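# Residue-level structure breakdown
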Amino acid sequence: MASSERSALLTYRLCGGSAEEERGRERGRAAAVAAAAPRKLPTFLGVVVPTLLSMFSVVLFLRLGFVVGHAGLYQALAMFAVAYFIIGMTVLSVCAIATNGALDAGGAYYMISRALGPEFGGSIGIMFFLANVCGSALYVLGLVEAVVDSFGIPPGQKAGTGVHVLPQSYWYELLYGTVLLALCLLVCLVGASIYAKATFLIFLIVAVVLGTILISFFATRPIGVPIRLPHFNGSETENGSFTGFSLTTLRDNLGGGYGVDYTTGQMMSFSSVFAVMFNGCTGIMAGSNMSGDLKRPSYSIPRGTISAVLFTYLIYNLLAFLMCATCDRILLQKDYGFLRDISIFPPLVTVGIYAATLSAAMSNLIGASRILYALARDDLFGRALALAKKTSASGNPVMAVILSWLVVQLVLFSGKLNTIAGVVTTFFLLVYATVNLACLALEWASAPNFRPTFRYFTWHTCLLGIAGCCVMMFLISPVSASASLGFLLVLLLALHYLSPSSTWGYISQALIFHQVRKYLLMLDVRKDHVKFWRPQMLLMVQNPRGSARLIDFVNDLKKSGLYVLGHVELQDLDMLPSDPLQPQQDSWLSLVDKLNVKAFISLTLAPSVRHGVRQLLFTSGLGGMRPNTLVLGFYDDAAPQDGLARHPAFTSAREEVPLGFPPLRAPAAPKLLSAREYVGIVADALKMLRNVLLARQLESLDKAWELRRAASPPPAIHVWPVNLLRPDSARYADTCSLFLLQMACVLNMARAWRRARLRLFLCVEAGTMPRAQEEKLRQLLKDLRIQAQIQLVPWDSVTRLHWQTRRGPPGGPAPPGVAEEEEEEEEAVNFPANTTQVSDEYVCAANKLILEQSPAPAVRFLYLPRPPADTSLYPLYLHQLELLTRGLGPTVLVHGVSAVTSTQL
């Protein structure tokens, strides 16, 4: 079996040990560390319990009454429906991605980065890390609030009594939060196994407390609850009531009654209350964050997450109804800890509040550390996160845990739970929107390998999830939403330009392929029109080392059209064990990247260069995007120069110069094609109705110097739209002349060449009314919207050396026998007699005429005559072209066969 057939996928599926090693290498961890930290958490302990505890935390025990008291039952139920609709759509997307392949550590970050690529993955990973960090701080602040409520000195009193001994102030509460966060840190430093055991114990406590609360609504008799509230420098007392089940109480609590939050002094609204309530729904990723520690993440995440979400939804709705039916609005709004006051066993509720909030804080802290570790391991941020890669002997990312703890400690300075609730909600909504986006992109890309075993989702659910998240983000806090999106955009751009390339696969490539295929099918060649013609170039390159500047020059000529770099390898596939072109592909693609040209690569094997060029002309491109212009370097005896090493793209990175290309041909070494074969390639292209450009001495064109020099006048582009080998052609503008004008104009339109000026040379003879010819040409340029300076060039001294002038005056009667010969020549495709009868003296005179036009231009465009029909004349034809362009500097010989200009709108 060939080595290419023994893919990593086959190894992964057939050999468990080798696959683990492969994944270990990909993660950058040693196999011994991977073996020392096996995945061991089942569905219940690894997904259900963390998710339930994250969702049953502050909101359940300390803020559910706040939500119901301000919003009323109807709006509270509507909030739950909206929130759970959003997270429900997100859960479907999470389940789809989680069941589409093997998951590793990092949870949502791993899913998004492997689906959308490193830019989206890295930026959303940072956002999700911040969301977990702020969430952990929020739960710690909620726990501090509960502790102070139970053991704090009441407002207005200087000394405590009984159990109320803890001083209350900003700095004291910050100290309490720091101590509680340190406790979370100790648990997380031990590792995921002790965390799972601790959360299971807490889950049992919370379950008992929840059962006690439900029983209390039925067992507790109506009572009055005195509520002491801070008021200026003292305090005041209000009385709330637990009425038991009462239709009057229920009716009073059905509608909204938004008031002032007694902890922050701010007026509440639907959006601000929803922001607090939504934090009870943000725990859906708690199980996904533990994906690296689960036995079967693809099995556990869907089942565990959906079960937890459904259970919490039912409990929230049930408790909301019970609260509205038994507690008056003052009690709900003014006493966040009222569940303790109405409980049949208040200390147990206090323990439940502490346990649930502590567990949620730990869950978010350990989730943040796992995300930070995954980001560091993927090297998206280079050395900035290098410290977070360090793990303990058991594989626990201790440095990531410590760094996450430090960031949470900074967030604790915000001071109040309701203050950061909006920020936390915005971060989580943004992450959820991106998870839905990742699933939507995978679904729309229609990739055959996107085959999740969880099928209860469609692109409609993904879109609904994205829309819901975005709408709620801006409803809750337009400022936070805008700032978060701006920060996300900055991260995207930074990672796009600074992060190294990855081997994860980019969803953008799949989406681009999907769209390009669709639009290529819509690109109908039968609807082509000359108004929308653009050059589509096929540049033949023997060795890029000698063609770097030519490649760059043709890139300026393409005018947003197709650009293909073609190369012919002279080998026979029958005599080879494998395709020799595949190893070269990466070198060519790297060349395109380094030169910053927008080109495709097309390589072929052929017995001769001519056959190879024919193949590329026939097969390059797709649908309506096929090359219409062939570009060749000039065939002469000049020794090839290695321009690649001198190119600005390589001057700062010499070690990258080789790129796998062979050294240039030695000056004395034989060429790969003959002069006859070279001209045959030109003739073949014209027969196939392709335009032809021959570029001579383009490697001597220093574009940067020519276009940036401070000389005056600006650099020029000289255009000779006349077949200099046939003087009689100066009287008219044919298709080839118009094509030559178009190519010079296209070059001048390129951004790098806009400073250059077009100079158009009109060759005139005595007695031919030059001013009339100039006016006619000026009108043509005006109709074609081409700005160029016209310069009249008398060339009687040149034309008198041409064989036609010597045998008869232009326009006069031809000598006997010549008229019939010229009539036959006019009927021919080309003028065979012209090639044989044009003297070297005439061609040298034409060359001298071109050189005399000063100042010297940056580049010249000359008319390329058709090759003769007689193949034996090919060497003579090439010799004449060499004489014509000798010493001219950068020159492009152009022959066009297609109409490319239009005077219509």
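About the cut-offs
- Residues numbered from 1 in each chain as written.
- Predicted model: local features only at pLDDT ≥ 70, side-chain atom pairs only at ≥ 80, totals over all residues.
- Heavy atoms only, no water.
- Helix = DSSP H or I, 4+ residues; strand = E, 2+ residues; numbered from the N terminus.
- Buried < 20%, exposed > 50% of the residue type's maximum accessible area, 1.4 Å probe, protein only.
- Contact = heavy atoms within 4.5 Å.
- Areas by Shrake-Rupley, 256 points an atom, 1.4 Å probe, with all protein chains shown as cover.
- Salt bridge = Lys/Arg side-chain N within 4 Å of Asp/Glu carboxyl O.
- Pairing = 2+ DSSP bridges.
- Right-handed = clockwise from strand over helix to strand, strands pointing away.
- Patch = residues over 30% accessible without salt bridge, like charges linked within 9 Å, V, L, I, M, F, W, Y side chains within 5 Å.
- Lys, Arg positive; Asp, Glu negative; His and termini not counted.
- Charge placed at Lys NZ, Arg CZ, Asp CG, Glu CD.
- Core = buried A, V, L, I, M, F, W, Y, C linked by side-chain atoms within 4.5 Å.
- Expected span 1.5 Å × (residues − 1).
- pLDDT = per-residue confidence, 0-100.
- 1 Å grid on protein atoms, 1.4 Å probe; cavity = no way out; pocket = protein on both sides within 12 Å on 5 of 7 lines; lining within 4 Å.
- Points joined across faces, edges and corners; volume = space filled by probe spheres on them.
- Nonpolar A, V, L, I, M, F, W, Y, C, P; charged D, E, K, R; others polar.
- Phe/Tyr/Trp six-rings, centres within 6.5 Å; stacked < 30°, edge-to-face > 60°.
- Lys NZ or Arg CZ within 6 Å of the ring centre and 35° of its normal.

This paragraph deals with the overall build of the protein. Along the backbone of the protein there are 34 helices and 12 strands. Burial analysis of the protein (905 residues in total) assigns 54% to the buried set. For the protein, restricting intrachain contacts to residue pairs at least 6 apart in sequence, the fraction spanning at least 24 positions comes to 81%. Counting every atom, the protein has about 40200 Å² of accessible surface; 61% of that belongs to carbon and sulfur.

For the coordinates displayed, the defined rule picks out 12 salt bridges. For Arg 886, the salt bridge identified is with Glu 882, shortest N-O distance 2.6 Å. The network of salt bridges with shared partners includes Asp 636, Arg 696, Glu 882 and Arg 886.

Residues Met 537 and Leu 539 point to one face of strand E3 (residues 537–540) and Leu 538 and Met 540 to the other, with burial holding for every one of them. Relative to strand E4 (residues 563–570), E3 is paired through 4 bridges, and the arrangement is parallel. Note on E4: the bridge partner recorded for Met 540 is Gly 566. Remark: the E3/helix H22 (residues 548–557)/E4 crossover connection has right-handed handedness.

With omega at 0 degrees, the peptide bond leading from Ser 854 into Pro 855 counts as cis. Within the element layout of this structure, Pro 855 appears in the loop between helix H33 (840–851) and strand E11 (859–863). Even without a glycine there, the phi angle at Ser 560 is positive, about 60 degrees. With respect to the helices and strands, the residue Ser 560 is situated in the loop between H22 and E4. Residues other than glycine seldom take positive phi values, yet Arg 785 does so here, at roughly 60 degrees. Within the fold, Arg 785 resides in the loop between helix H28 (770–783) and strand E10 (789–794).

Once that is clear, we can look at the environment of Ser 150. Topologically, Ser 150 is positioned in helix H7 (residues 118–151). For the pair Ser 150 and Pro 347, spaced 197 residues apart in the sequence, the C-alpha separation amounts to 9.8 Å.

Taken together, the side chains of Arg 534, Lys 559, Lys 598, Arg 751 and Arg 754 make up a positively charged region of the molecular surface. Inspection of the secondary structure assignment puts Lys 598 in the loop between helix H23 (582–595) and strand E5 (600–606).

Turning our attention to the environment of Asn 748. By the element assignment, Asn 748 lies in helix H27 (residues 735–749). You can call Asn 748 buried: its relative accessible area is 16%. As for Asn 748 and Gln 787, which are separated by 39 residues in sequence, their C-alpha atoms are 9.7 Å apart. Among all residues touching Asn 748, those that are not within four sequence positions of it are Ile 717, Trp 753, Arg 754, Ala 756 and Leu 758.

This next bit is on a nonpolar patch on the surface. A cluster of nonpolar side chains, namely Phe 44, Phe 200, Leu 201 and Leu 204, defines an oily patch on the protein surface of about 360 Å² accessible area. With 3 residues, the top contributor of residues to the nonpolar patch is helix H9 (residues 192–219). Secondary-structure assignment places Leu 201 in helix H9.

A word on the nonpolar core. Where a protein is soluble and globular, its nonpolar side chains tend to be buried together. Grouped together as the largest cluster of nonpolar side chains are 166 residues, with contacts concentrated most on Leu 60, Phe 61, Ile 87, Phe 217 and Tyr 432. Tallying contributions element by element places helix H5 (residues 58–98) first for this core, with 25 residues. Apart from residues lying up to four places away in sequence, Tyr 432 is in contact with Ile 87, Thr 90, Phe 278, Cys 281, Thr 282, Gly 283, Ile 284, Met 285 and Cys 469. Ranked by size, the runner-up nonpolar core spans 60 residues in total, among them Met 537, Leu 591, Phe 650 and Leu 747.

In this section: helix H8 (residues 170–190). Over its 21 residues, H8 extends 31 Å from the first C-alpha to the last, a length consistent with the 30 Å expected when each residue adds 1.5 Å. Looking at H8, one finds that the buried residues are Glu 173, Leu 174, Tyr 176, Gly 177, Leu 180, Leu 181, Cys 184, Leu 185, Val 187 and Cys 188.

Assignment of secondary structure puts Glu 569 in strand E4. Buried charge without a partner: Glu 569 forms no salt bridge, and the closest opposite charge is Arg 545, 13 Å away.

Time to look at the confidence of the model for the protein. Low pLDDT marks regions whose predicted coordinates should not be analysed in detail. Across the protein, the average pLDDT comes to 81, with 85% of residues at 70 or higher. Per-residue pLDDT stays below 50 along residues 809–832; that stretch engages in 21 contacts with residues further than four places along the chain or on separate chains.

All right, on to empty space enclosed by the protein then. If you walk through the whole model with that rule in mind, you get 3 cavities of 30 Å³ or more. Considered as a void within the structure, the largest cavity measures approximately 70 Å³ in volume. Taken together, 11 residues form the lining of the largest cavity, with Ser 54, Asn 132, Thr 282, Gly 283 and Asn 364 sitting closest to its centre. For the lining of the largest cavity, the secondary-structure elements that each account for two or more residues are H7, helix H12 (286–289) and helix H16 (346–377). Tallied by class, the residues present in the lining of the largest cavity amount to 4 nonpolar, 7 polar and no charged.

In this structure the tally under the stated criterion is 22 aromatic pairs. Look at Phe 44 and Phe 200: their rings are 6.3 Å apart centre to centre, the planes differ by 75 degrees, and that puts the pair in the edge-to-face class. Taken together, the positions of Phe 44 in helix H4 (residues 43–55) and Phe 200 in helix H9 put the pair 156 residues apart, joining distant regions of the chain. On the accessibility criterion, Phe 44 (40% relative accessible area) is partly exposed. Among the aromatic residues, those joined into a ring-pair cluster are Phe 128, Phe 270, Phe 274, Phe 278, Phe 428 and Tyr 432. The ring of Tyr 635 has Lys 671 lying over it, and the distance from NZ or CZ to the ring centre is 4.0 Å.

Turning to the environment of Trp 504, a few remarks are in order. Take Trp 504: it is sitting in the loop between helix H20 (478–498) and helix H21 (507–522). Spatially, the C-alpha atom of Trp 504 lies 8.2 Å from that of Pro 118, the residues being 386 residues apart in sequence.

This part is about the pairing of strand E7 (residues 691–696). Taking burial as the measure, the 6 residues of E7 include 6 buried ones, the bulk of the element. Going residue by residue along E7, you find Asn 691, Leu 693 and Ala 695 tucked away on one face and Val 692, Leu 694 and Arg 696 tucked away on the opposite face as well. Relative to E7, strand E6 (residues 629–633) runs parallel, the two sharing 5 bridges. For Leu 630, the partnering residue across the bridge sits in E7 and is Val 692.

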